[in-house]
Amino acid sequence: MRRNHEIDYRIFGEEMQCVEIELDPQETVMAESGSFMFMDDGIEMETVFGDGSSNQNGGIFGKLMGAGKRLLTGESLFMTAFTNAGYN
């Protein structure tokens, strides 16, 4: 995955807030599974185990330890990567 610069976003609402994220071509953002409401054409989704960070080393044991930590804190085992598949 490509490193991102500052992601463009807008927050809507008061009590029930919604965040709109604008991805540049080939830019990726990570979110918890089931946390989006809609997306435009050209956005690709990929479900990943863990937090999706590229520095997850330690093999299967490291991934299991990370999953255990996520379960203990009440987070999902899976994250979703949203990527703008368009080009400039």
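Our subject is the structure that appears above.
Predicted, not measured: the structure shown is a model, and the values here were computed from it.

Student: Describe in detail the overall build of the protein, supporting the description with residues and values.
Tutor: The helix and strand tally for the protein stands at 1 helix and 5 strands. The secondary structure elements of the protein, listed N-terminal to C-terminal, are β-β-β-β-α-β. Considering only contacts within the protein whose residues lie at least 6 apart along the sequence, 61% involve residues at least 24 apart.

Student: Hey, could you go over the side chain of Thr80 for me, with residue numbers and the actual values?
Tutor: Within the secondary structure layout, Thr80 lies in strand β5 (residues 78-84). Once residues lying within four places of it in the same chain are set aside, the contact partners of Thr80 are Val29, Met30, Ala31, Ser33, Met45, Glu46 and Thr47.

Student: An account of the sheet that holds β5 is requested, with residue identities and associated values reported.
Tutor: Sheet architecture is open: 3 strands sit in the order β3-β5-β4, paired in antiparallel fashion. A strand with exactly one partner marks an edge of an open sheet, and here the two such strands are β3 (28-32) and β4 (43-49). Across the sheet, the mean angle from the axis of one strand to that of its neighbour is 25°, orientation sign disregarded. Where β4 lies against β5, 7 bridges are found, and the strand directions are antiparallel. Residue Ile43 lies in a different strand from β5, and its bridge partner there is Asn84.

Student: So what's going on with the environment of Glu22? Residues and values would help.
Tutor: Mapped onto the fold, Glu22 is located in strand β2 (residues 18-22). Measuring from C-alpha to C-alpha, the distance between Glu22 and Asp8 comes to 5.3 Å, with 14 residues separating the pair along the chain. Excluding anything up to four places from it in sequence, Glu22 contacts Ile7, Asp8 and Glu27.

Parameters at a glance
- Residues numbered from 1 in each chain as written.
- Predicted model: local features only at pLDDT ≥ 70, side-chain atom pairs only at ≥ 80, totals over all residues.
- Heavy atoms only, no water.
- Helix = DSSP H or I, 4+ residues; strand = E, 2+ residues; numbered from the N terminus.
- Contact = heavy atoms within 4.5 Å.
- Pairing = 2+ DSSP bridges.
- Axes fitted to C-alpha atoms, helices over the stretch in contact; angles between N-to-C directions.

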